[in-house]
Amino acid sequence: MVKWFNVNKGYGFITRDVGGEEDVFVHFRALRGKGHRTLAEGQRVRYYAMRNDRGLQAEDVTVIT
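Residues numbered from 1 in each chain as written. Predicted model: local features only at pLDDT ≥ 70, side-chain atom pairs only at ≥ 80, totals over all residues. Heavy atoms only, no water.

Here we look at the environment of Arg-44
Step number 1: As for its position among the elements, Arg-44 is in the loop between strand 3 (24-27) and strand 4 (45-52).
Step number 2: The partly exposed category is assigned to Arg-44, whose relative accessible area is 40%.
Step number 3: Residues Arg-44 and Val-2, 42 residues apart in the sequence, show an inter-C-alpha distance of 6.4 Å.
Step number 4: Apart from the residues within four sequence positions on either side, Arg-44 is in contact with Met-1, Asp-17, Thr-62, Val-63 and Ile-64. (Helix = DSSP H or I, 4+ residues; strand = E, 2+ residues; numbered from the N terminus. Buried < 20%, exposed > 50% of the residue type's maximum accessible area, 1.4 Å probe, protein only. Contact = heavy atoms within 4.5 Å.)

A short note on the nonpolar core
Step number 1: Val-2, Phe-5, Ile-14, Val-24, Val-26, Ala-30, Leu-31, Leu-39, Val-45, Leu-56, Ala-58 and Val-61 together form the largest nonpolar core, which totals 12 residues.
Step number 2: Counting residues per element, the ones that place at least two in this core are strand 1 (2-6), strand 3 and strand 5 (55-63).
Step number 3: Considering every element that reaches this core, the biggest residue donor is strand 5, with three residues.
Step number 4: Residues within four places of Val-26 in sequence aside, it is in contact with Phe-5, Gly-10, Tyr-11, Gly-12, Phe-13, Ile-14, Leu-31, Leu-39, Ala-58 and Val-61. (Core = buried A, V, L, I, M, F, W, Y, C linked by side-chain atoms within 4.5 Å.)

Purely spatial values, then, with no claim about function.
So, in structure tokens, the structure goes:
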């Protein structure tokens, strides 16, 4: 679920349902779709979590309707 997303900055965080307490960073470039891509607080999303030197980052993000 989207914890928060700043439209102006183009990034935010996703709270994981399972698998730990660490939130997942999400950047607008990881969102599927074309044109202006954004998320809203509370939206449920599906994604792949990748670990890098800064922590967990979401890739291939889609909104669950």
